[in-house]
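Examining the three-dimensional arrangement
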Amino acid sequence: MKRITIIVPCYNEQEALPFFYKEITRVAEEMSECEFEFVFVNDGSKDSTLDILRDLSKKDERVRYISFSRNFGKESAMYAGLETSSGDYVAIMDADMQDPPDLLPEMYKAITKEGYDCAATRRTTRQGEPPIRSFFARCFYKLVNKMTSVEIVDGARDFRLMTRQMVDSVLSMSERNRFSKGIFSWVGYKTKWLEYVNRERVAGETKWNFWKLFLYSIEGIVAFTTAPLALASVVGFILFLAACVYGLFIIIKTLIWGDPVTGFPTLACLVVFIGGIQLLVMGIMGQYLAKAYLETKNRPIYIVKETEKDNK
Ligand code: UDP
Ligand code: MG
């Protein structure tokens, strides 16, 4: 009998968890040809998420949980779940039911019958999301796909079912600056994309705000492309050419009409312009340096405080 592990990162999900558990056990019953394991990762929740997980793991032996010592973020939670999972197939799902459990049988079929290594999901609409957020999200995907060689699919969710082989490949990428959408694509393998219409959370609130998403998008860019580093060379070269042309222009102008001393505004503009570009480029280099610094510290990706074994 094949085993499927379902990984569920949870951060303050006390309202959503009961719904989720009910749904996922229903789907598990439908897929009676498989054995299930549920790995809930409590990412330092401040509500009673952990108590709910303790209860569930007592009642249902398929339920396991890992509880972090503090909030480490969804990326760390997913990594912890993948490390803990023991299934032949592994799925990652949100606790808020935005990832419909009903897709699981179809995903399973894609891998076992149709020869795919992974079945991933993307939502076709962003309905229910603030328009300004959708706009920036679209811009981000366009930009990042121009700059990187890995494909980062617009609307892709973290909800996916993978083979053990693919999970091991993902785990072998033990970088601390984790951007899963890029990592899943970078490891390769044959992926089937299933589409569905966006759903709203059953309960609770989204953990993302605009600023967090913005920082996350920079993580994504820094993690998967060094193209911004080339900006300094490109802009520098363009400015050099412009300076040559302008210099020539001044020489000719002086030879023909003499040289009355003017041009202070031009000078002021140029100083600010060049200064701005220099700071921008230094900032970009700083980003990469900071990431390199954080990687070399080699800190753990997460710290576990309690698991279901401590609760027996
Ligand atoms: N999550 C987490 N740690 C965090 C933030 C979120 O484990 O620091 C979990 C959260 O509990 C949920 C999933 O990640 O199961 C997706 O979060 P959310 O629904 O807030 O994101 P959205 O669906 O709005 O992108
Ligand atoms: Mg959600």
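Let us look at the structure shown here. (Residues numbered from 1 in each chain as written. Chains lettered and ligands numbered in written order. Predicted model: local features only at pLDDT ≥ 70, side-chain atom pairs only at ≥ 80, totals over all residues. Heavy atoms only, no water.)

**Remarks on the overall build of the protein**
For clarity, the threshold we go by: Segments assigned H or I by DSSP are reported as helices when at least four residues long, segments assigned E as strands when at least two residues long, and all are numbered from the N terminus. The globule rule used here is 2.2 Å times the number of residues to the 0.38 power, and the radius of gyration it is set against is calculated over C-alpha atoms. Each residue gets one of three labels from its accessible area relative to the maximum for its type: buried under 20%, exposed over 50%, partly exposed in between, using a 1.4 Å probe on protein chains only. Note on contacts: a residue pair is in contact if any heavy atoms of the two residues lie within 4.5 Å.
The number of helices and strands found in the protein is 10 helices and 8 strands. Taking 20 Å as the expected radius of gyration for a compact globule of 312 residues, we find that the protein reaches 25 Å, considerably beyond that expectation. Burial status across the protein gives 43% buried among its 312 residues. Across the protein, contacts joining residues at least 24 apart in sequence account for 83% of those joining residues at least 6 apart.

**Quick word on empty space enclosed by the protein**
Worth spelling out the cut-off: Both site types are read off a 1 Å grid over the protein atoms alone. A 1.4 Å probe that fits but cannot get out defines a cavity, while an open set with protein on both sides within 12 Å along at least five of seven lines defines a pocket; lining residues have an atom within 4 Å of a point. Grid points are joined across faces, edges and corners, and a volume is the space filled by probe spheres set on the points. Ten residues, namely Ala, Val, Leu, Ile, Met, Phe, Trp, Tyr, Cys and Pro, are considered nonpolar, four, namely Asp, Glu, Lys and Arg, are considered charged, and the remaining ones, Gly among them, are considered polar.
In this structure the tally under the stated criterion is 1 cavity of 30 Å³ or more. E75, M78, Y79, L82, I92, V170, R178, S180, I183 and F184 are the residues that line the largest cavity. Per element, the largest residue contribution to the lining of the largest cavity is 4 residues, and it comes from helix α3 (residues 74-84). Residues that form the lining of the largest cavity fall into these classes: 7 nonpolar, 1 polar and 2 charged.

**Describing the site of ligand 1**
Put simply, the rule is: Throughout, the term near means that a residue has one or more heavy atoms lying within 4 Å of the molecule or strand in question. N or O atoms within 3.5 Å of each other form a polar contact, as long as, within protein, one can give a hydrogen and the other can take it, and as long as residues adjacent in sequence are counted only when both atoms are side-chain atoms.
By nearness alone, 17 residues border ligand 1, and E13, D43, D96, Q98 and K207 come closest of all. At a separation of 2.8 Å, an oxygen atom of ligand 1 approaches a polar backbone atom of Y11. Partitioned by chemical class, the residues of the shell around ligand 1 number 5 nonpolar, 4 polar and 8 charged.

**So, helix α4 (residues 104-112)**
One turn of the α-helix equals 3.6 residues, which is why residues spaced by three or four share an orientation. The following threshold applies: The arc refers to the directions leading from the helix axis to the C-beta atoms.
Three or more residues of α4 are buried, namely L104, M107, Y108, A110 and I111. Seen from one end, α4 has its buried residues packed into an arc of 155 degrees, which puts them on one side.

**What about the coordination of the magnesium ion (ligand 2)?**
Counted only if it meets this: Coordinating N, O and S atoms are those within 2.8 Å of the metal (3.2 Å for Na, K and Ca), and as water is not part of the atoms, a site may appear to have fewer donors than expected.
Distances from the magnesium ion (ligand 2) to its protein donors, namely D96 (OD) and Q98 (OE1), fall within the range 1.9 Å. With relative accessibility at 3%, the residue D96 sits in the buried group.

**Some words on the packing of helix α8 (residues 210-224) against helix α10 (residues 264-297)**
Using the following cut-off: The angle between two axes is taken between their N-to-C directions and runs from 0 to 180 degrees, where each axis is a line fitted to C-alpha atoms and a helix contributes only its stretch in contact. Oblique is the label for any angle not under 35 degrees, not over 145, and not in the 65 to 115 range, which are roughly parallel, roughly antiparallel and roughly perpendicular in turn.
Interaxial distance between α8 and α10 falls to 11 Å at its minimum, and their mutual angle equals 80 degrees. Between α8 and α10, the angle is such that the two are roughly perpendicular. Residues I218, E219, I221 and V222 of α8 form the contact with α10, whose participating residues are Q287, Y288 and K291. Counted by class, the contact of α8 with α10 contains 4 nonpolar, 1 polar and 2 charged residues.

**Some thoughts on the packing of aromatic side chains**
Counted only if it meets this: Pairing of aromatic rings covers Phe, Tyr and the six-membered ring of Trp, with a centre-to-centre limit of 6.5 Å; geometry is then stacked below 30 degrees between planes, edge-to-face above 60, and tilted otherwise. Ring-over charges, as used throughout, are those where CZ of Arg or NZ of Lys falls within 6 Å of the ring centre and within 35 degrees of the ring normal.
Across all of its chains, the model carries 15 aromatic pairs by this definition. Judged by centre distance (5.1 Å) and plane angle (55 degrees), the rings of F179 and Y216 are tilted. With F179 in the loop between α6 (164-172) and α7 (180-186) and Y216 in helix α8, this residue pair connects regions lying 37 residues apart in the sequence. Each member of the pair, F179 together with Y216, is buried. Look at W211 and F214: their rings are 5.6 Å apart centre to centre, the planes differ by 20 degrees, and that puts the pair in the stacked class. Of this pair, W211 and F214 both sit in helix α8, 3 residues apart, roughly one helical turn. In this structure F214 comes out as partly exposed when scored by relative accessible area, which is 39%. What links up through ring pairs into an aromatic cluster is the set F140, Y141, F179, W208, Y216 and F224. The aromatic ring of F72 is capped on one face by R70, whose charged end is 3.8 Å from the ring centroid. Just above the ring of Y116 sits the side chain of K190; from NZ or CZ to the centre is 4.8 Å.

**So, α8**
Counted only if it meets this: One fewer than the residue count of a helix, multiplied by 1.5 Å, yields its expected span.
Between its first and last C-alpha, α8 extends 21 Å over 15 residues, near the 21 Å set by a 1.5 Å rise per residue. Regarding α8, the residues found buried are Y216, S217, G220, I221, V222 and F224. Among the structural elements, α3, α5 (131-147), α7 and α10 are those in contact with the buried residues of α8.

**Looking at the side chain of E75**
This is how it is decided: For the charge count, each Lys or Arg is scored as positive and each Asp or Glu as negative, with His and the chain ends excluded. Within this document, salt bridges are pairs made up of a side-chain nitrogen of Lys or Arg and a carboxyl oxygen of Asp or Glu, the two lying within 4 Å of each other.
For E75, the position within the fold is in helix α3. Here E75 is buried and forms no salt bridge, its nearest opposite-charge partner R178 lying at an N-O distance of 5.0 Å.

**Here's the deal with the environment of E151**
Looking at the element boundaries, E151 is found in the loop between α5 and β6 (156-163). Classification of E151 as exposed rests on a relative accessible area of 55%. Taking the C-alpha atoms as reference points, E151 and E295, separated by 144 residues in sequence, lie 24 Å from one another.

All quantities given are derived from atomic positions and should not be read as evidence of function.
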